[in-house]
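Descriptive analysis of the structure
Each chain is listed here by its residues.
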Amino acid sequence: SKVEPTRIISQDYLYLGRAQMKDTTQMTEAMVNITKAVEMDSTNAAVMSEVGKNLYTAKKYKDAAKAYEIAVKNPERALLDYYYLGSSYYFDYGSQKTANLNPPKDLLVKADSAFSYLVQRSPATYVGWQFRGRINRLMDDENDSQGLAVPFYQKYIELVTVEKPELAAKNSAGLIEAYSYLGSVAARKDGDNVKAREYFDKVLALDPSNVTAQQAIKAIGGSR
């Protein structure tokens with residue numbers, strides 16, 4: 001506070017910000033100082049990957065997202081930073097919704113943007129397509145679904161069952177999620193009960209006791 005401004009270097013702001021982050025009550029001030037450090041030298045953004053990961057692990061998703069927003073400004077940023085940036089926004093939205101805080105859809109838009117960048121640079125990253133499916137499902141109208149998540153879940157299924165079938169076994173839960181959604185859209189939006197039945201049959205092939213699929217088949221006039 002007393003030194004001449006011209007003598008303050010980017011590392012000063014970086015060290016101050018990192019020190020402040022150890023006190024959760026100073027998180028805002030910490031981000032301000034680290035942002036100044038990055039503005040003075042973009043390579044300082046690299047440290048935010050570590051900071052963001054620690055916050056993410058602690059389930060402090062709002063702060064983790066802020067950290068990763070800085071991390072991706074690093075010219076040598078890793079694609080993994082975009083995964084954590086997107087999922088931080090996604091889980092921040094989810095935790096706020098669970099707490100009935102009426103979170104803004106803008107969080108989902110930011111999450112989708114991060115995963116969109118990820119899959120553009122690495123199209124085979126199937127988890128990125130899965131998250132885009134989940135995010136767009138939440139962005140859709142719950143009472144009048146437009147099927148916004150359809151292309152993303154379809155791509156996810158293609159990756160883990162056709163392009164890399166060896167991944168199918170460990171992605172059974174994800175496939176059930178995707179097939180269930182696609183079946184629901186086929187039945188409710190498209191009125192295509194034949195296609196819907198195909199999707200729900202795939203769910204039951206993976207989980208024969210899946211109640212949702214069993215009830216869906218009965219609802220569309222089938223039996224199981």
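An account of the accompanying structure is given in this report. (Residues numbered from 1 in each chain as written. Predicted model: local features only at pLDDT ≥ 70, side-chain atom pairs only at ≥ 80, totals over all residues. Heavy atoms only, no water.)

**Side note on the side chain of Asp140**
Topologically, Asp140 is positioned in the loop between α7 (126-139) and α8 (150-163). Among buried charged residues, Asp140 stands out as having no salt bridge; its nearest opposite-charge side chain is Arg137, 8.2 Å away. There is a polar contact of 2.9 Å between the side chain of Asp140 and the backbone nitrogen of Gln146. (Helix = DSSP H or I, 4+ residues; strand = E, 2+ residues; numbered from the N terminus. Buried < 20%, exposed > 50% of the residue type's maximum accessible area, 1.4 Å probe, protein only. Lys, Arg positive; Asp, Glu negative; His and termini not counted. Salt bridge = Lys/Arg side-chain N within 4 Å of Asp/Glu carboxyl O. Polar contact = N/O pair within 3.5 Å; in protein donor to acceptor, adjacent residues only side chain to side chain.)

**Overview of unusual backbone geometry**
One non-glycine residue, Lys59, lies in the positive phi region at around 65 degrees. Along the chain, Lys59 turns up in the loop between α3 (47-57) and α4 (61-71). Its relative accessible area of 62% is what places Lys59 among the exposed residues. Look at Asn100: it is not a glycine, yet its phi comes out positive at around 60 degrees. Relative to the assigned elements, Asn100 resides in the loop between α5 (79-98) and α6 (106-121). Owing to a relative accessible area of 68%, Asn100 belongs among the exposed residues under this scheme.

**Some thoughts on the pattern of salt bridges**
Inspection of the entire model under this criterion finds nine salt bridges. A salt bridge links Asp112 to Arg132; the shortest N-O distance between them is 2.8 Å. Here Arg132 lies in helix α7 and Asp112 lies in helix α6, a separation of 20 residues in the sequence. For Asp112, a relative accessible area of 11% gives the class buried. Under the relative-accessibility criterion, Arg132 is labelled buried at 12%. Of the charged contacts in the structure, one is a salt bridge between Glu163 and Lys155, with a shortest N-O distance of 3.7 Å. Residue classification places Glu163 among the partly exposed positions, given a relative accessible area of 43%. Residue classification places Lys155 among the partly exposed positions, given a relative accessible area of 22%.

**Considering α4**
The buried fraction of α4 amounts to eight of the 11 residues, a majority that puts the element mostly inside the structure. Every buried residue of α4 is accounted for by Tyr61, Asp63, Ala64, Ala65, Ala67, Tyr68, Ile70 and Ala71. Structurally, α4 contributes buried residues whose contacts are with α2 (27-40), α3 and α5. (Contact = heavy atoms within 4.5 Å.)

**Digging into the packing of α7 against α8**
One can describe the packing of α7 onto α8 by two numbers: an axis separation of 8 Å at closest approach and a directional angle of 155 degrees. The angle between α7 and α8 falls in the class roughly antiparallel. Considering how the two elements wind past one another, α7 and α8 form a crossing that is left-handed. Residues Tyr126, Trp129, Gln130, Arg132, Gly133, Arg134, Asn136 and Arg137 of α7 pack against Phe152, Tyr153, Lys155, Tyr156, Leu159 and Val160 of α8. (Axes fitted to C-alpha atoms, helices over the stretch in contact; angles between N-to-C directions. Parallel < 35°, antiparallel > 145°, perpendicular 65-115°, else oblique. Left-handed = near helix turned anticlockwise from the far one by under 90°.)

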